[in-house]
Structures are given as structure tokens and as C-alpha cells.
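Breakdown of the fold
Okay, here's what each chain looks like letter by letter:
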Amino acid sequence: METLVIIGSGPAAWTAAIYAARANLRPLVFEGEPQGTQLPGGQLMNTTEIENFPGFPDGITGPELMERMKAQALRFGARAVMENVVGVDFSEHPFRIRPHYSEEVQALAVIVATGASAKWLGVPNEERLARSGGGVSACAVCDAALPIYRDKRLAVVGGGDTAMEEALYTTKFSSETVIIHRRDRFRASKIMADRVLSHPKIRVLWNKRVIEVLGYDAITGVRLEDTVTGEISELEVGGLFVAIGHTPNTAFLEGQLELTPNGYIKTKPGRTATSVDGVFAAGDVMDDYYRQAVTAAATGCMAALEAERWLAQRGIGEAPVLETAETQAPGQE
């Protein structure tokens, strides 16, 4: 019987583990197994340089940040198992967790922090250059400010609101931003599409799809196919941002939790509590809006505090003291 099981190993999961371990809950973390582009540690494992996570003025690589978070959690007593969770049963308490090949685990409380996976194009060189930091990314807000992208022609693939936002963001750093879209019109809202089409640094290649990413150590361009005529062309670029959406990693839940229309775990407003009492969600698996490491970490903290309080109300451990206006000393804000 485990007091608290945390499923996931990104910023949300390890932050939750740090808080839970310091509360003497000895959380058990199922950090997952390598599967294609998905690695234990989440999407940051494919990010070579992170410059927007507080506390690292000189930047830090994604794998190093995740390793530090994990080490911090283990230091305080968290336990980690490098194994996927393939099924759960939240219909009765204690909850049942079914790992990939180990014996079933029972848990009094659960935090789901399995994140979301970026959708990739699945073309040659894309995955390799994304993993090596060679100029392919699925998050312009995370990476476009890096020196390797500055003052270069950048390409954004997609036609929805996310692609529009990514393209507009890249214009702060690019010499030109080219949107590559496989249709002759955007799926994005009219206001976002209008902003893009009227921007002086953005042009659109309609009816085009990327069939190959060019370059060995770093991207040099993309090979395109016209979706109408089949004509092949090449576009020289210094960076490629794939903005065709994310898929929340919730398949293993098998309908055990209520999801949003977009497939993310639904939580109570301003909270991490889910539709099942005693089960909490944190990070990108419940956040389809921000999708940043720092916001994932913040919700991981929230989930751990809520789980700790939920357990304390049932006689397990002590409820955390959350500072409110009533508990603040005079002069504090």
C-alpha cells in the first residue's frame, strides 16, 4: 500500500515529488520508459537549452534540469520506478495502479502528471534534429529566443491558432517567418489569421507540406511538396517550429477521469483536484493553454499540497499550512 503515487516525470511530477517527499509522504514515482520521442523526463528531454526557467541565468539543458529535479526529490525520500503505467482503477479506494510489468500497486492518493506529447510531422531528419538541438522545435515560445534562431528565416508548420501564435512570436527574433500550410486557408480564428496575414515579417506558403528536413548538424532548409500539383521545392530556413498540436498522455486512464473536450484531464477551477476524490492532476496533462515548464512545476506544487491536505483530512500525515491573509505577519504582502 502506497500513500501517494505520482505518475509522470516532467517538471510537474518531480516538483510534486519534492513537496510530497518533504512532507514525509514517501511518494512513489512511475517515471515511464523510453518510447520513440517520449523519454522519462517529458518534453524537456528534447530541449537542449532552457533560458526561461527561473534560477538559471546562464541557461540549462532540458535533461540536466530534469536530472536535478529528480535528484532533489530522491534526496528527500521519493522513490522512482522507470516503468510505464498501463492502467488504473479509480472506481474504488484504495486506488489500483497497474504498471507495465511489475505487480499492481495500491495507493491512497494519486497525482497524474504524464504531460502531453507534441505532434510531429514524421519526416526524415525531424526527430534527430529536434533531439540534438539542431534547429527543430515544437515550441517557439520556449526556444525562438535562443541565439541559434536569431536573425534567420524561420518556418512554422500549421494552420490553427497555435501556429498563428507561434509565428507571431518568432517575428521578434527572425529576419522573416514563413508559415507552411497544407491547405489554401487557415483553420485559425479570423482575428488570429488576420494578424498573421497583415504582419510585414510573415509570408505564407499555401498548399505545401514538409516531406523532409534538410541539414546534418543543424537545419539548413526543408523540402516541400505541393499538395495540389505534387511539385517538389526547397526552402532555406534556419529553424523549423512544428505547431500542429499536442496529444495529452491520458490513454492509460481508460475513461477513469473526466476529460475536457480537447482530451485533457478536467480539474476544478483554480485547483488540481479531478473528478475522482483523492486523484489530482498537474502539468501539461491538464493544461492546454500555457504548456511551460515553470507553470507545470507550479501545478505540481499545488497538486502535492492538495494531496497532502486530502490525506491529512483522513488521518494520514499533517495538513500543510498555507499562508493566507489571516496568517501573514503585519507588513507582509
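You'll find the structure just up there.
Residues numbered from 1 in each chain as written. Predicted model: local features only at pLDDT ≥ 70, side-chain atom pairs only at ≥ 80, totals over all residues. Heavy atoms only, no water.

Our next topic: the packing of aromatic side chains. Overall, the coordinates contain six aromatic pairs when judged by the stated rule. Ring centres of Tyr149 and Phe241 lie 4.9 Å apart, and the angle between their planes is 45°; on these two criteria the pair is classed as tilted. Of the two residues, Tyr149 sits in the loop between helix 4 (140-143) and strand 9 (153-157) while Phe241 sits in strand 15 (residues 239-242), which places them 92 residues apart along the sequence. Assessed through its relative accessible area of 3%, Tyr149 is described here as buried. The lysine or arginine in question, Arg22, covers the ring of Phe76, its NZ or CZ lying 5.1 Å from the ring centre. Sitting above the plane of the Tyr216 ring, Arg128 keeps its charged end 5.0 Å from the centroid. (Phe/Tyr/Trp six-rings, centres within 6.5 Å; stacked < 30°, edge-to-face > 60°. Helix = DSSP H or I, 4+ residues; strand = E, 2+ residues; numbered from the N terminus. Buried < 20%, exposed > 50% of the residue type's maximum accessible area, 1.4 Å probe, protein only. Lys NZ or Arg CZ within 6 Å of the ring centre and 35° of its normal.)

Turning to the nonpolar core, a few remarks are in order. Counting residues in hydrophobic clusters, the biggest one holds 36 residues, and the most contacted among them are Leu4, Ile6, Leu65 and Ile111. Secondary-structure elements contributing two or more residues to this core are strand 1 (2-7), helix 1 (11-22), helix 2 (62-75), strand 6 (105-112) and helix 7 (293-312). Aside from chain neighbours lying at most four places away, what touches Leu65 is Leu44, Ile50, Phe53, Phe56 and Ile60. Residues Leu28, Phe30, Ala107 and Ile265 belong to the second largest nonpolar core, which totals 22 residues. (Core = buried A, V, L, I, M, F, W, Y, C linked by side-chain atoms within 4.5 Å. Contact = heavy atoms within 4.5 Å.)

Scanning the model with the defined rule gives one disulfide in all. The disulfide bridge from Cys139 ends at Cys142, spanning 2.1 Å between sulfur atoms. As the torsion about the S-S bond is roughly 70°, the Cys139-Cys142 disulfide counts as right-handed. Assessed through its relative accessible area of 27%, Cys142 is described here as partly exposed. (Disulfide = S-S within 2.5 Å.)

For the rest of this paragraph, the subject is the pairing of strand 14 (residues 232-236). Across a regular strand the side chains alternate sides, sitting on one face of the sheet and then on the other. As defined by bridge partners, strand 13 (residues 221-226) adjoins strand 14 across five bridges and the pair is classed as antiparallel. Across the sheet, the residue bridging to Leu224 is Ser233, located in strand 14. In this structure, the hairpin formed by strand 13 and strand 14 is closed by a connection of five residues, where Gly230 is found at a positive phi of approximately 80°. (Pairing = 2+ DSSP bridges.)

Taken N-terminus to C-terminus, the directions of helix 5 (residues 161-170) and helix 6 (residues 190-197) make an angle of 30°; their axes are 9 Å apart at the nearest point. Pair helix 5 / helix 6 crosses with left-handed handedness. In this structure, helix 5 contributes Asp161, Met164, Glu165 and Leu168 to the contact, and helix 6 contributes Met192, Ala193, Arg195 and Val196. (Axes fitted to C-alpha atoms, helices over the stretch in contact; angles between N-to-C directions. Left-handed = near helix turned anticlockwise from the far one by under 90°.)

On the surface, Lys119, Arg182, Arg183 and Arg187 cluster together to form a positively charged patch. As for its placement among the helices and strands, Arg187 is situated in the loop between strand 10 (176-180) and helix 6. For Arg187, a relative accessible area of 55% gives the class exposed. (Patch = residues over 30% accessible without salt bridge, like charges linked within 9 Å, V, L, I, M, F, W, Y side chains within 5 Å. Areas by Shrake-Rupley, 256 points an atom, 1.4 Å probe, with all protein chains shown as cover. Salt bridge = Lys/Arg side-chain N within 4 Å of Asp/Glu carboxyl O. Lys, Arg positive; Asp, Glu negative; His and termini not counted. Charge placed at Lys NZ, Arg CZ, Asp CG, Glu CD.)

Spatially, 8-15-9-10-11 is the arrangement adopted by the five strands of the open sheet, whose pairing is parallel. Edge positions in the sheet fall to strand 8 (136-137) and strand 11 (202-205), since each of these pairs with one other strand and no more. Of the strands in this sheet, strand 9, strand 10, strand 11 and strand 15 are in contact with helix 5, which crosses strand 9 at around 170°.

If you walk across this open sheet you meet the three strands as 12-13-14, and the pairing is antiparallel. Looking at strand neighbours, the two that pair on one side only are strand 12 (208-214) and strand 14, the edges of this open sheet. Across the sheet, the mean angle from the axis of one strand to that of its neighbour is 30°, orientation sign disregarded.

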